[in-house]
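Take a look at the letters that make up each chain.
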Amino acid sequence: MMLGAWTDSCSSGWIQQGNNFEFSLRKGQVGECEGDDKPYLNIYEFKERQEVKQKIKLMAGKYRWSADIVTLADDPIHSQCSTLFQIHDFRKDGRPVSMVQIFEGRIRLCSPSKTYYCDHDYNGNLNLTANIYVEVELAYKPRRQKIYKITVHYLIDGLNAGTTVCKTKKPAHVKFGLYRFNAYHDVKLLFNNMEYNKLMSF
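To keep things clear, this report deals only with the structure shown in the data block. In this text the structure is predicted, and so the values were computed from the model without any measurement. (Residues numbered from 1 in each chain as written. Predicted model: local features only at pLDDT ≥ 70, side-chain atom pairs only at ≥ 80, totals over all residues. Heavy atoms only, no water.)

### Topic: the nonpolar core
Piece 1. In this structure, Trp65, Phe85, Ile87, Ile132, Phe176 and Phe191 are the most contacted members of the largest nonpolar core, which totals 43 residues.
Piece 2. Not counting residues up to four positions away in its chain, the partners in contact with Phe191 are Asn19, Asn20, Phe21, Phe23, Trp65, Ala67, Asp68, Ile69, Leu84, Phe176 and Gly177. (Core = buried A, V, L, I, M, F, W, Y, C linked by side-chain atoms within 4.5 Å. Buried < 20%, exposed > 50% of the residue type's maximum accessible area, 1.4 Å probe, protein only. Contact = heavy atoms within 4.5 Å.)

Written out as structure tokens, the structure is:
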């Protein structure tokens, strides 16, 4: 089952034509999310972003998201750090449940507790697939509540790239697009043939 419509994640300006999405950022274009204009230690002065998010929450079940990603820029390494895909639950520290980043030209997978680099080379173009499994557990201390265990198996160009696992107290959602800091160039990022389906319920 193909899942519903996509909407702004803070910043507008992206273009959708069917299952193809286009995101564009100019160097120095500050993002519109709260805090994007604030520096963080000596790491960056501000963040740039243009992303979409899915309103539908990830409840118990199996999902698959995929897209062919194409980078159009003077150099495919257009920033020190850029994020392509996230699963987010709006936790206070801002770290996503799971995400795929390009950091200094290398692909890495991140969760709140772990970050590791993939063996795959990055040349600006890739097919990214996220196989998402959501299990719901019950916790009874300090009070009865649902815990969502989200496991994501990533494939890059059809090859296994790695897995992230995270537990959260709130249902999460998928977002993707262009989010970066310390930009080197203007960039346009295409997500072609994007598919997002719920394959089964648990």
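Once the structure has been displayed, the description carries forward.
### Some remarks on the sheet that holds strand S10 (residues 125-139)
Piece 1. Spatially, 7 strands are ordered S2-S3-S14-S5-S10-S11-S12 in an open sheet, and the strand pairing comes out antiparallel. Edge positions in the sheet fall to strand S2 (15-17) and strand S12 (159-168), since each of these pairs with one other strand and no more. On average, adjacent strands in this sheet sit at an angle of 20° to one another, irrespective of strand direction.
Piece 2. Sheet analysis places S2 next to strand S3 (residues 20-25), joined by 3 bridges and oriented antiparallel. Of the residues in S3, the one forming a bridge with Gln16 is Phe21. (Pairing = 2+ DSSP bridges. Helix = DSSP H or I, 4+ residues; strand = E, 2+ residues; numbered from the N terminus. Axes fitted to C-alpha atoms, helices over the stretch in contact; angles between N-to-C directions.)

### Topic: the environment of Pro76
Piece 1. Mapped onto the elements of the fold, Pro76 is located in the loop between strand S5 (61-73) and strand S6 (79-88).
Piece 2. Judged by relative accessible area, Pro76 falls into the partly exposed class, the value being 30%.
Piece 3. The spacing of Pro76 and Glu34 is 42 residues in sequence and 28 Å in space, taken between C-alpha atoms.
Piece 4. Discounting residues that sit within four places of it in the chain, Pro76 has contacts with Thr71, Tyr122, Asn123 and Gly124.

### Regarding the sheet that holds strand S7 (residues 98-103)
Piece 1. Reading across the sheet, the 7 strands line up as S1-S4-S13-S6-S7-S8-S9 and stay open at both edges, with antiparallel pairing between neighbours. Edge positions in the open sheet fall to strand S1 (6-8) and strand S9 (114-117), since each of these has one partner strand only. Between one strand axis and the next, the sheet turns through 20° on average, direction left out of account.
Piece 2. The pairing of S7 with strand S8 (residues 106-111) spans 5 bridges and is antiparallel. Residue pairing across strands places Ile102 opposite Ile107, the latter belonging to S8.

### A look at the side chain of Asp89
Piece 1. Inspection of the secondary structure assignment puts Asp89 in the loop between S6 and S7.
Piece 2. For Asp89, the side chain forms a polar contact with the side chain of Thr168, separated by 2.4 Å.
Piece 3. In contact with Asp89, not counting residues within four places along its chain, are Val97, Thr168, Lys170, Pro171 and Ala172. (Polar contact = N/O pair within 3.5 Å; in protein donor to acceptor, adjacent residues only side chain to side chain.)

### A short note on the state of the cysteines
Piece 1. If you walk through the whole model with that rule in mind, you get 1 disulfide.
Piece 2. With no disulfide of its own, Cys81 lies 7.6 Å from the sulfur of Cys110, the closest cysteine sulfur. (Disulfide = S-S within 2.5 Å.)

Shape descriptors only; they carry no functional weight alone.
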